[in-house]
Structure formats: structure tokens, C-alpha cells
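What follows is each chain in one-letter form.
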Amino acid sequence: MTYSMKNESNILLPDLDIDSIRKDFPILSRLVYNKPLVYLDNAATTQKPQIVIDELVYYYSNVNSNIHRGVHKLSQEATDLYEKARMRVRSFINAKSDKEIIFTRGTTEAINLVAQSFGKISLNEGDEVLISEMEHHSNIVPWQIICQERKANLKVIPMNDDGEIIFEEFLKLLNPKVKIVSIVHISNSLGTINPIKEIIIEAHKQNIPVMIDAAQSVQHVPIDVKELDCDFLAFSGHKIYGPTGIGVLYGKEKYLNAMPPYQGGGDMIKTVSFEKTIYNDLPYKFEAGTPNIAGALGLAKAIEYLTGIGLEKIAAYEEDLLNYATETLSQIEDLRIIGTAKRKASVLAFDLKEIHPHDIGTMLDIDGVAVRTGQHCTEPVMKHYCLPATTRASFSFYNTKEEVNVLAQSIIKVIKMFS
Amino acid sequence: MNELQELYQQVILDHNKNPRNFGEIHNCNHHAAGHNPLCGDQIEVFLSVEEATGLITDVKFKGAGCAISKASASIMTTLLKGKPIEEAKKLFDSFHEIVTSDPNSETDVMNLGKLAVFCGVREFPARVKCASLAWHTMLNALENPEIVTSNDEEKGNG
């Protein structure tokens, strides 16, 4: 992983041509309230490069048809492109086989799939599912639902006030009743990078499979599922510069084979009669109905774009930007950064004492600065810090230090207005 | 900056900093709690209503929220004290009209009195809920003595 590439001096900084990168994203040149858009809500969704937009237009203009069905030329082409997109995803996360790559609507659907399908065959009364205190609601609620169904218990690894998992507590929670650990790689509300490699090693010592919520990490740090040895991993297309409505579930073949289908329908079957249906092979068993074909193509294009630049370079640039933003914002009196883990990525959440995040968000918006305010779908994290909400700036490699300065100036203006 | 100045007028900033009628009425006869599940804003409204005359003799609020929601609650309490229930309901309608009407429509600011400071809210659909939480909660308190309000039906999302 590249976040160890500390830049002590600028010499080690990668030579990313940010001006030219910014030109790849048409939306970045628009104005908001007559101010240049400063888009710092990348943890919510990322902007799309022109080649991703073009890919969608190309597909619908030239190829559009249903896959795995028709004998006609268009259907064949669409099927080829869709399967090539799967291969692109497979090689991006270095999975062993295309069978391990299932297209979903997004991270949420991928987690629901595992919770429902894996949960059904593995959870019995009194069993446990282990998550952490910093999970997004999408890695809490699906497990609550299946735990209730199977009379299993949801257990939570606590975090400290820096927003780091307390590893000793995690070790204490591991026991034979735990049937799966599902944990976020990078926290969307705190930016914490969790030690997933160590978590996987410890869980595997007790033969417990581990699911990684990589929604906030695949776009920031290189991921190799073979090297990590995770059992499941999920991410969303729209947070990695691709379209909305497409996501990926990676799962080890041995688990996916053992799991029952999540949804029934076309494409996921081999033969159907009213007496008996034979399910299709992987990965189709888990892709019922016509999938988001254009979305898969757009996602593959986004991955091609990112790997063209190089995730190592992106990670190093974003780390430098986060460090600069942390330093700059730390100098603002009354500003408290929420989430101060030693290993962080790309997210800077803060609190301005008496000033409510919604007021901050509206005021920054008028300066063209788009940030997220609220609970970030992580109510337990807000509860940990006794805060009703926070303001969150989240960075991408197309953001600049100048934009961080605009953010800082705008925050200072807010403080003055409310003083 | 104009929109912002209109949204955060001095009156609003002042009421946010020094909210009027902040606190509880222990022996009130109308009370409701309201919350906005999207942003976590919470408010409680307490009203003492003279049963014979229908006059609101006292009104207080407490809770946590943004400047818009706090100022809105504070200004609301100053308007309601001493008014009959019927007038409180009319004020609710006027307020609702102000924050949800088309930003381009002509508004007769002169007749709005203190409520005129909320004209800026309609420029920010995401903030309509913040401004109206206290008013919905008040209405609920008057209509049902004990209730928790969630203003999900209001347009806007935050």
C-alpha cells in the first residue's frame, strides 16, 4: 500500500498534471453562484471524466441491446463489452477469476447480498456477526436484518476518540460463535484507514471469513484481494469516478458457490420448470435480471482512466493534499477536526463549536464550496463524539491546495459572521 | 453574497445567539417534540393555553439545531405570546407561505412583520425544513397535547 510513501519533501511528490486532469472532468469548470465550483464532496460521490460520459453515450448510441440472450450482432457486442468490463474489474482488484466478480447496484446491494445469502447458510441462533463502531449504515442495517431473522447477535468493535478501532477489543470479540466479520476499510465520516490486513489475519486464525466495505478505499489506495486474502469485498462505481447504479461484489469462489441466490429471475438460471430450477454458474447466479450494462462499461472506463494515472500516484498526491488541508484548517481557532487517526485518507470532518454544520454548509455553498454536512449515514459515530452532525470535506486527486485555501477562507468568513 | 445576507439577516443571527423564551414550562398544558431525522435537529415546544379564552399565555422552546431552526423557534415564541390559538394557526399559514412560495413571486413584505426575515429561506430549498420545524411542532402541540413531530412531508431535505 502506498500510504507509506511519506513525502518529506516535494521532490517525492508524483508529477501529476492536475491542470490537465481537471480538464478531463467537464463539471469542474462550471460556476456555482458565479463562483468556480470547489467540489469537496468526493466521499459522497465523485465527478465523472469525459471518457466515462462518452462511454455511456457510445454504448447507447451504437451497441445498446440485451446481453447473454440474443443471437444478433448487437447482443453479442454488448455481451462482449459487459464481460470485458468484468475482466477489467477483476484485474483491477487482482481477483483470481471473473467468476468472483459480481455486478451489483452498489456497495449497499453487495453487502445486502452477502448478509442475506451467506447469512442464511451460516448464521444460527446465538451466532455472531462482528462489525465496527464506525460503519456506514449500509454495513449495519443489512446485518441487523439477517441477525434478527436468524436469531443471531450483532457485535460491535469499539473505537477510540481518534476514530481508530481498538484492536485488543477486536481480538477479545473473536470467538467460535462469530460467523463473519464485516468491516469498513476507510471510514466515510472520519477518514480512518483500518488495519484490514491484520484484522483478516486474526479472523482467519479462527476460520472466520471477512468482508471489506471498500466503498471509500478503492479510489484512493491500490487493492489486491489475493494479497489481502479478504473473503468478500464491495465497492460502488460512482465513488470511483464511474456512473451511479453499478457496483461490485468480490467473493471467494468457495463461498459464492456455497451461497444460495440472492434474487431470482432471468439470467441467473440454467433451466426452469415449475418443478425444479437449476441455477446458473458463477457469477451469473447472482445477477438476476438485465443488469446495468452501460454502468458496467462506464465503471470499466473509469478504472481504465484511474489505472492510466496510477493509483500509487493518486494516493501519494491525495495524502499530501490531506496533510496540507489538515495543517491549514488546524490553524483556524475554534475548529476541531473529528477523526484524528494516525492513518487517514482523503476525509476531513470538523466541528465549529456553536456553529451548526447546516449553517456552515449553506455558507460554504454560496462561495462555491460543496461539502457534506450531517451525520454521513454514520449515526453511531456522531453519538461517539456527542455531536448532532459534522461538516465534511473530502478530497480527490483533482482537488488542489488553492481549493483548500478557498475552503479555509470561507470557513473563516462563517466564523466571523457568527461571532 | 446577497442570497446569504438575506438568509442570515442580523435578526436571525441575533435570535440564534440569544434565543428568546428558551427553556421549559413545567406545568404547561400543550407540549410536543419535533425532530428532523435528516439533520438531527431536535426541538420541544411548551405552551400554556388559557382554556376559557383560548389565549396563549406563555410559550417556550428548547432543543438543538442550526441557526435557522433556532431563530425560527425563537421568533415564533415572541409572536405567539398573548395571541389566541386561532391567530397562532393563521401565523403558521403565513409562515408556511413565506418559506415555501416561489422565490420569484411578489411578496408583500410590509404585511409580514417579523416573519419577513424568513423570506430568504425559500431561496434554499434544503433549509425549508430547518425553518419550519418549530412551527410544525407548535401546531402539533396545540392540536395534540403530547406528540413527536417529524416534518418529513415538508419539501427540502435538510
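Everything discussed here concerns the structure shown above.
Residues numbered from 1 in each chain as written. Chains lettered and ligands numbered in written order. Predicted model: local features only at pLDDT ≥ 70, side-chain atom pairs only at ≥ 80, totals over all residues.

Q: It is not clear to me how the nonpolar core should be interpreted in this structure. Could you clarify?
A: One recurring pattern in soluble globular proteins: nonpolar side chains tend to sit buried together. Formed by 118 residues in total, the largest nonpolar core has its most connected members in A:Val210 and A:Ala234. With 9 residues, helix α10 (residues 293-309) of chain A is the largest single contributor of residues to this core. Setting aside its immediate chain neighbours within four residues, A:Val210 contacts A:Val181, A:Ile183, A:Ile199, A:Ile200, A:Ala203, A:Cys230 and A:Asp231. One finds B:Phe46, B:Val49, B:Ala67 and B:Leu80 within the second-largest nonpolar core, a separate group that totals 39 residues. (Core = buried A, V, L, I, M, F, W, Y, C linked by C-beta atoms within 7 Å. Buried ≥ 20, exposed ≤ 12 C-beta atoms within 10 Å, placed from the backbone. Helix = DSSP H or I, 4+ residues; strand = E, 2+ residues; numbered from the N terminus. Contact = placed C-beta atoms within 7 Å.)

Q: Help me understand the sheet that holds strand β8 (residues 210-213) of chain A in this model?
A: What holds strands together in a sheet is hydrogen bonding between their backbones, with the strands either parallel or antiparallel. All names here are of chain A. Strand order in the open sheet formed by 7 strands is β4-β10-β9-β8-β7-β5-β6, with mixed pairing between adjacent strands. The open sheet has two edge strands with one neighbour each: β4 (101-104) and β6 (153-157). Taking the axes of each pair of neighbouring strands and ignoring which way they run, one obtains an average angle of 20° across the sheet. With 3 bridges joining them, strand β5 (residues 128-132) and strand β7 (residues 178-184) adopt parallel strand pairing. Bridge pairing links Leu130 to Val181 in β7. Here helix α5 (residues 141-150) sits on the sheet in contact with β5, β6 and β7, set at roughly 145° to β6. (Pairing = 2+ DSSP bridges. Axes fitted to C-alpha atoms, helices over the stretch in contact; angles between N-to-C directions.)

Q: For this particular structure, what's the right way to read the interface of chain B and chain A?
A: A common way to express how large an interface is: the accessible area buried when the components associate. Across the contact, 17 residues belong to chain B and 12 residues belong to chain A. Counting residues per element, the side of chain B that touches chain A draws most heavily on helix α1 (residues 2-7) of chain B, at 3 residues. For the side of chain B that touches chain A, the per-class residue count stands at 12 nonpolar, 3 polar and 2 charged. (Nonpolar A, V, L, I, M, F, W, Y, C, P; charged D, E, K, R; others polar.)

Q: What exactly am I supposed to notice about the pairing of strand β2 (residues 41-50) of chain B here?
A: Residues and elements named next belong to chain B. Burial runs high along β2: 7 of the 10 residues are buried. The antiparallel pairing of strand β1 (residues 30-36) with β2 creates a hairpin that spans 4 residues between the two strands, and Gly40 there sits at a positive phi of about 85°. Inspection of the sheet shows β2 paired to strand β3 (residues 55-64) by 9 bridges, in the antiparallel sense. Following the sheet pairing, Val45 is matched in β3 by Phe61. Between β2 and β3, which pair antiparallel in sequence order, lie 4 residues; one of them, Gly54, sits at a positive phi of approximately 75°.

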